[in-house]
Amino acid sequence: MTEILSMPTTPFDGQKPGTSGLRKKVKVFQQPGYAENFIQSVFDVVEKGEAATLVLGGDGRFHNRTVIQQAIRMAAANGYARVLVGQGGILSTPAASHVIRKYKASGGLVLSASHNPGGPDEDFGIKYNIANGGPAPEGVTGAIHARTQEIDRWLTIAAQDVDLDTVGIVEVGDMNVQIIDPVADYADLMEELFDFAAIRKVVASGFTMRFDAMSAVTGPYAKEILEGRLGFAQGTVVNGTPLEDFGGHHPDPNLIHAKELYDLMMGEGAPDLGAASDGDGDRNLIIGRGRFITPSDSLAMLAANIECAPAYKGRLTGIARSMPTSAAADRVAEALGVPAFETPTGWKFFGNLLDAGMATICGEESAGTGSDHVREKDGLWAVLLWLNILAVRDISVDDLAKAHWARFGRNYYARHDYEGIEKEGADALMAALMDELEALPGQEFGDLVVEEADSFSYTDPVDGSVSANQGIRILFVGGSRVVFRLSGTGTAGATLRVYLENYVPPSGDLDAETGEMLKGQIAAAEAVAGIARFTGRTAPDVIT
Ligand code: VG1
Ligand code: CO
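An unreviewed UniProt entry annotates the chain as phosphoglucomutase (alpha-D-glucose-1,6-bisphosphate-dependent) originating from Novosphingobium mangrovi. Taken directly from UniProt, the Cofactor (unreviewed entry) text for the chain runs: "Mg(2+)". Within the UniProt record for the chain, the comment given under Catalytic activity (unreviewed entry) is "alpha-D-glucose 1-phosphate = alpha-D-glucose 6-phosphate".

This is the structure we're talking about:
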């Protein structure tokens, strides 16, 4: 038996997992004992069972390899029988979810701060996923946080670093470490889900695309699947090598950080499809030639056409969306006669619905879409489903969008982010909104009349757990809406998110400018919340 070393420690403040794991500056994670305390707290509270397997991988950002080596030694000391690690320490978030499920692991540590920038002065993160492959639910993250506040030791063994770059099996203490190809299992799964033959056919007859991997984790996945298995030309995948600092950019697939792709798609000679993914590969951006598809619309359009993909034929049971996501998907659910679910922000809230077979496809306005094939949102999956639909229907993105709106109407939508504002101001703004709620119904803001206003609370239909205070909703007569939330993924100050939505029925103007269509909602948001007064800002930092 290898000797287990018990290292005395004291708690760090603030090791509270947010919307998607614990995210802090790299400098915070580099403090001696910081990552170890958190990982030990995970190991102390999660269910492992006998001869447990742990999956380990991350988005390749700066500090990834260091924490992987720490975690391997700690897993050995904590009684895991086996650890599966992606080669080079790499596993995209959806690939990690798949590996957990496929190899029946008890869970996994996903090292990522997603779309946040990387590098010595930027962000790092650790998230624990449970045996179903999904992010730990609130009951588990709450227990982990409680444990971090009383932890007094962490366990490790004395062992050399593992060579992460060579696929194979090594022993660390009494534990088996398998370095696995991070791409193969995932690429095989995608081939099972989608009509690759149909996609190959349109590619062969001239369909073109550009995929911007943003120097983040999806490069190797996209190259294998798009250029390797589907026959797209070499060079279709750009920024395809994962870099520790993402080339100094935000690996955030939106119109600001993927501007080059956007400009290409709006210009002369654009390919048929433009797509991008984020740091850890769970988000997606979809742009057709001359047509950006909002993530909320993408969810609705994918759900409406999911029958085109072989693995989903005849098995759509329900559609789930996070509360701030537009109601476009609800209209599709209604038309298809399946239930629509509205959950709090964060993928962990979809897990129970997917496990119970109540929902097949889920999505968030923040560029996340996914299905019951894994328990995470999945960037490349969304891109492949789009490709599958376009190939089978032989239609352009723009024509598909227009036909969709002509049938269901259009939910004009935008999110305004006020980043790095003072926490006091942000909290005061939300508190003032709470106080106002009861008096809002009936009040008029320009042409808008408040129908209902509340603080969103969710009761999970599967386990009955309640999650309160998940954002403030102000619903106007006619289906338009303003939502206010504070971000749970930031690492500096507070970020206020204001979500704006205006529904136009099929008889209305379906091809107007989004900013124009949301003027009334933007003015109402300022009037109701006093954004300038509480934050000192007169305009958002980022509009997506
Ligand atoms: C944001 C998004 C949310 C998403 C989360 C994690 O959270 O709004 O929809 O699930 O990021 O995505 P917040 O609390 O900052 O609004 V990722 O791609 O960072 O794993
Ligand atoms: Co992400």
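Next comes the rest of the write-up.
Let us now look at the coordination of the cobalt ion (ligand 2). The protein atoms donating to the cobalt ion (ligand 2) are Ser 114 (OG), Asp 278 (OD), Asp 280 (OD) and Asp 282 (OD), with metal-donor distances spanning 2.0 to 2.1 Å. In primary sequence terms, the donor set of the cobalt ion (ligand 2) follows S-x163-D-x1-D-x1-D. Linking Ser 114 in the loop between β5 (107–111) and β6 (123–130) with Asp 282 in the loop between β12 (273–277) and β13 (284–288), this pair joins segments that are 168 residues apart in sequence.

With numbering matched to this structure, UniProt assigns "domain: Alpha-D-phosphohexomutase alpha/beta/alpha" (unreviewed entry) to residues 15–152, 185–287 and 296–408. This span, residues 15–152, is 37% helix and 23% strand, and a straight line between its end C-alpha atoms measures 14 Å. When the span residues 296–408 is considered, its composition is 44% helix and 14% strand, and the gap between its end C-alpha atoms is 13 Å.

The residue Arg 147 is located in helix α5 (residues 138–148) in this model. When sequence neighbours within four positions are dropped, the list of residues in contact with Arg 147 reads Ser 41, Asp 44, Val 45 and Arg 153.

What follows covers the packing of aromatic side chains. With the rule as written, the count across this model stands at 11 aromatic pairs. Ring geometry for Tyr 186 against Tyr 221: centres 5.5 Å apart, planes inclined by 90°, an arrangement best described as edge-to-face. Pair noted here: Tyr 186 is in helix α6 (residues 184–193) and Tyr 221 is in helix α8 (residues 218–229), with a separation of 35 residues, a long-range link. Summarising the burial analysis for this pair, Tyr 186 and Tyr 221 share the class buried. Their ring planes at 75° and their centres at 6.2 Å tell us that Tyr 312 and Trp 381 sit as a pair that is edge-to-face. A residue pair is termed long-range when its members are at least 10 positions apart, and Tyr 312 in the loop between α10 (295–304) and β15 (319–322) and Trp 381 in helix α13 (residues 379–393) qualify at 69 residues. Each member of the pair, Tyr 312 as well as Trp 381, is classed as buried. Chaining the aromatic ring pairs together yields one cluster made of Phe 12, Phe 29, Tyr 34 and Phe 124.

Here strand β18 (residues 368–371) shows no split at all, with Gly 368 and Gly 370 on one side and Thr 369 and Ser 371 on the other all buried. Note: strand β17 (residues 361–364) against β18, four bridges, orientation antiparallel. Residue pairing in the sheet places Cys 362 in a bridge with Gly 370 of β18. Adjacent in sequence and paired antiparallel, β17 and β18 are bridged by three residues, among which Ala 367 carries a positive phi angle near 80°.

This paragraph deals with the pairing of β5. The buried fraction of β5 is high, at five of five residues. In terms of strand pairing, strand β3 (residues 53–58) meets β5 through five bridges, oriented parallel. Across the sheet, Gly 57 pairs through a bridge with Val 110, a residue of β5. Both β5 and β6 contribute to a ladder of five bridges, which runs antiparallel. Within the sheet, the bridge partner assigned to Leu 111 lies in β6 and is Ile 126.

Under the criterion given, the structure shown has 37 salt bridges. Put simply, Asp 161 and Arg 73 hold a salt bridge, and the shortest N to O gap is 2.9 Å. Placement of Asp 161 in the loop between β7 (153–156) and β8 (168–172) and of Arg 73 in helix α3 (residues 64–77) is noted, with a sequence separation of 88 residues between them. Given the relative accessible area of 17%, Arg 73 is considered buried. When the shortest N-O distance is used, the salt bridge between Arg 229 and Asp 188 registers 2.9 Å. Residue Arg 229 is found in helix α8, and its partner Asp 188 is found in helix α6; the two are separated by 41 residues along the sequence. What emerges from the salt-bridge pattern is a single network uniting Arg 321, Asp 330, Glu 342, Asp 454, Arg 473, Arg 481 and Glu 501.

Cut-offs applied
- Residues numbered from 1 in each chain as written.
- Chains lettered and ligands numbered in written order.
- Predicted model: local features only at pLDDT ≥ 70, side-chain atom pairs only at ≥ 80, totals over all residues.
- Heavy atoms only, no water.
- UniProt positions renumbered as here; feature names shortened; annotations may be inferred.
- Donors = N, O, S within 2.8 Å, 3.2 Å for Na, K, Ca; no water.
- Helix = DSSP H or I, 4+ residues; strand = E, 2+ residues; numbered from the N terminus.
- Contact = heavy atoms within 4.5 Å.
- Phe/Tyr/Trp six-rings, centres within 6.5 Å; stacked < 30°, edge-to-face > 60°.
- Buried < 20%, exposed > 50% of the residue type's maximum accessible area, 1.4 Å probe, protein only.
- Pairing = 2+ DSSP bridges.
- Salt bridge = Lys/Arg side-chain N within 4 Å of Asp/Glu carboxyl O.

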